[in-house]
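An overview of the molecular structure
Letter by letter, the chains look like this.
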Amino acid sequence: MNPLELARAEPGPAFSVTLDGRELEALPGQTVAATLWAAGVTSWRTTRGAGRPRGIFCGIGVCFDCLVTVNDRPNQRACLVPVRPGDAIRTQEGTGHEH
């Protein structure tokens, strides 16, 4: 394929996901983190001890600051998980497991 053709590439049609029940628009190829950032959300987890807000830190899956619950699966790294139509994303407190 000619690289110039890739430069004019456009994403497919937008679709909906939810964050804590709030509907957000996502684009094919985005990660959960990219979708949240595009919607203006910069924090979606709190730490175990002090309850401090967290979001993206490294952006490459090395740290664990961006943990989020996706489709009832806690501790998903938002920077690595591709968003899919209809995903139910929830902010996460501490370990993400019910007490």
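One structure accompanies this document, and this report is about it. (Residues numbered from 1 in each chain as written. Predicted model: local features only at pLDDT ≥ 70, side-chain atom pairs only at ≥ 80, totals over all residues. Heavy atoms only, no water.)

Because side chains alternate across strand S5 (residues 67-70), one face comprises the buried residues Leu67 and Thr69, and the other comprises Val68 and Val70, equally buried. The loop that links S5 with its antiparallel partner strand S6 (residues 73-77) comprises 2 residues; one of these, Asn71, has a positive phi angle of about 50 degrees. In the sheet, S5 pairs with strand S7 (residues 88-90) via 2 bridges, with the strands oriented antiparallel. Its bridge partner being in S7, Thr69 is matched across the sheet by Arg90. (Buried < 20%, exposed > 50% of the residue type's maximum accessible area, 1.4 Å probe, protein only. Helix = DSSP H or I, 4+ residues; strand = E, 2+ residues; numbered from the N terminus. Pairing = 2+ DSSP bridges.)

Our focus in this paragraph is the nonpolar core. Counting residues in hydrophobic clusters, the biggest one holds 18 residues, and the most contacted among them are Val32 and Trp44. Taken together, the elements giving at least two residues each to this core come down to strand S1 (15-19), strand S2 (22-26), helix H2 (32-38) and S5. Sequence-distant contacts of Trp44, that is, excluding residues within four places in its chain, are made with Ala33, Leu36, Trp37, Arg54, Gly55, Ile56, Cys66, Leu67, Val68, Ala78, Thr91 and Gln92. (Core = buried A, V, L, I, M, F, W, Y, C linked by side-chain atoms within 4.5 Å. Contact = heavy atoms within 4.5 Å.)

With that settled, the discussion passes to the sheet that holds strand S3 (residues 45-46). Hydrogen bonds between backbone groups are what pair the strands of a sheet, and the pairing can be parallel or antiparallel. Here we have 3 strands laid out as an open sheet, ordered S4-S3-S8, and mixed in their pairing. Each end of this open sheet is capped by a strand with a single partner; those strands are strand S4 (53-54) and strand S8 (92-93). Where S3 and S8 come together, 2 bridges link them in parallel fashion. The partner of Thr46 across the bridge, within S8, is Glu93.

Time to look at the state of the cysteines. According to the stated counting rule, one finds 0 disulfides in the structure shown. Distance from the sulfur of Cys58, which forms no disulfide, to the nearest cysteine sulfur (Cys63) is 3.6 Å. (Disulfide = S-S within 2.5 Å.)

Under the defined criterion, the tally for this structure stands at 3 salt bridges. With a shortest N-O distance of 3.7 Å, Arg54 and Asp65 are connected by a salt bridge. Taken together, the positions of Arg54 in strand S4 and Asp65 in the loop between S4 and S5 put the pair 11 residues apart, joining distant regions of the chain. The network of salt bridges with shared partners includes Arg45, Arg54 and Asp65. (Salt bridge = Lys/Arg side-chain N within 4 Å of Asp/Glu carboxyl O.)

With that out of the way, let us pick up the environment of Pro74. Its location among the elements puts Pro74 in strand S6. Given the relative accessible area of 23%, Pro74 is considered partly exposed. Expressed as a C-alpha distance, the spacing of Pro74 and Leu19, which sit 55 residues apart in the sequence, is 14 Å.

Shape is all these values report; function is a separate question.
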